[in-house]
Each structure stands twice: as C-alpha cells, then as structure tokens.
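Geometric and topological summary
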Amino acid sequence: PGSGDGRAVLLMVALPSQTGRRGALVVVRSEPLPVVVVDAVRSLAANVSLAMEAGALAENLHRRRSDHRFRSLVENSPDIILVIATDDAITFRSPAAERLFGEAATDVDAVLSSIFAEDRVRLREFFARARATTSERLPVCELRVESRGDVRWFEATATNMLDDEAVAGVVVNARDITERKVLEQDLRFQVLHDDLTGIANRSLFRNRLDQALVARREDDELVAVLFVDLDDFKTV
C-alpha cells in the first residue's frame, strides 16, 4: 500500500547460519519496493550472514588455539597449580601437582599429608587468608614438601577467584626453590663460620652471646663465657 492510507511496506529477510537464524535484515518503506531492490536486499542479507558466520568461525578457532596453548603451557610447566573450592575440594590440579602429591590428592587434607609437619598449620592459615582476602594476591608463603623420602622447599602464592564463575576457587601457584634455599644456607654458613676449620667465627659468637643475654634477662639465669687461648694458632 502507498503512504496515502498511513500504512508502510515492511521487508524482512532472515539471516540464516549453520547453527540457526541469527536475526533478520529489515527494510521499511512507505511505497512498495521494486523487485530489483528486493533482490538486492536479499543478496545483502546473504553477504551479511556469511560475514557473521566467518567471524564466528574465526573467533571459535582463536579460542581453540588459545585453549590448546594454555593446556600445553600448564602440562609442561614445572610449577604447581591448584584450584581449591570453598569446601576444601581441589577442582583442578596441574600435571606437576599430580606428580608431587599423587592423583589421589583431591582435597586439602590429602595435600597437607605431604607437607612438612611444622608447616601444615601455617599453610592452613595461608589458605584461610586467601579465602577471606579480596586482594589480588597474598604475600609469598614458603613451605617444605616431603616427596619420596626427600624434603624440598616451595614458594607459594594464592589468588582469590571465588567470585569468578569460570574458576570458583582459590588459585594456588607454587614453584620449587630448593636450590635457592640450599644456596642461602651455604652462604649463611660461610658468613658465620671459618673457611679453614668450619668453626663458628666471631659473628656467630656475638649472635649467640646476644641471644643468651636476652634469654638471661627473661629467665634470670646466669651466662658464662669461656675464653681459650691457643698459642700460635694463626701460625698453625
């Protein structure tokens, strides 16, 4: 109908896709559309549908590549990755975590059984703070893990992602720092001991004496210092 009777012409062309219709291309005009225009609108709708389909396929391909890359990085990383839910269940563990704690480690208690006894309470408190905090990441927590009769040092961080529906847990990342701890202990020993004899040097003596004097004030006990002079020791 023409515009004289107050009505308009509506042309609606669906935009199909492999997964169903995405929408429609709508043209409104006060007068009937020529056949040429109708054909042009239909051709435009087909091109728009193809462009949308190509965009969706490209996005899906990019997502798959990103997921594959992420899995490859996690599977080949030596770092420990755990996702701990509010009920202490472990909803995700990296291959490195499975190798360290075993496949049966499905909750916090199973993980704690491998932690050095003196560090278990501190690690539980660390998990509790991670759940309670809203900050992105907690300070580093150092702990020892008993694995196959060996004790190794790890440095752990935690991020609260309970509000993220895709994660819904506390993400714990830990890396092995055993070599660094051994180096630190060696350096500390060298600073506090004589290179030739391995006997405690003056710095360690002063440190132990200061500790003894502090303990004396607290416990009201006597402190004795024995001085032994060896003639020509430096020459020897």
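Residues numbered from 1 in each chain as written. Predicted model: local features only at pLDDT ≥ 70, side-chain atom pairs only at ≥ 80, totals over all residues. Heavy atoms only, no water.

Secondary structure summary: the chain contains 6 helices and 7 strands in total. For the chain, the sequential pattern of α-helices and β-strands runs β-β-α-β-β-α-α-α-β-β-β-α-α. For the chain, the residues scored as buried account for 25% of the 236 residues in total. Long-range contacts, defined here as pairs at least 24 residues apart, represent 34% of the contacts in the chain between residues at least 6 apart. Carbon and sulfur atoms make up 54% of the accessible area of the chain, which amounts to about 17000 Å² in all. (Helix = DSSP H or I, 4+ residues; strand = E, 2+ residues; numbered from the N terminus. Buried < 20%, exposed > 50% of the residue type's maximum accessible area, 1.4 Å probe, protein only. Contact = heavy atoms within 4.5 Å. Areas by Shrake-Rupley, 256 points an atom, 1.4 Å probe, with all protein chains shown as cover.)

Okay, the side chain of T178 next. Structurally, the position occupied by T178 is in helix α5 (residues 178–192). Relative accessible area serves as the criterion here: at 11%, T178 is assigned to the buried category.

Time to look at the pattern of salt bridges. Counting across every chain of the model gives 14 salt bridges. Taking the shortest distance from any N to any O, the salt bridge between D88 and R131 comes out at 2.3 Å. Of this pair, D88 sits in the loop between β3 (80–84) and β4 (90–93) while R131 sits in helix α4 (residues 120–132); the two residues are 43 residues apart in sequence, bridging distant segments of the chain. Note that E142 and K181 form a salt bridge whose closest N and O atoms lie 3.0 Å from each other. Note that E142 is positioned in strand β5 (residues 141–147) and K181 in helix α5, a separation of 39 residues in sequence. (Salt bridge = Lys/Arg side-chain N within 4 Å of Asp/Glu carboxyl O.)

This next bit is on unusual backbone geometry. Of note, D88 is a non-glycine position whose phi angle comes to about 70 degrees, a positive value. Here A168, not a glycine, exhibits a phi torsion of approximately 55 degrees, which is positive. Inspection of the secondary structure puts A168 in the loop between β6 (150–161) and β7 (169–176).

This paragraph deals with the confidence of the model for the chain. Of all residues in the chain, 87% have pLDDT values of 70 or greater, and the mean over the chain is 80. Ranking the elements of the chain by mean pLDDT puts helix α1 (residues 35–75) last with 72 and α5 first with 89. (pLDDT = per-residue confidence, 0-100.)

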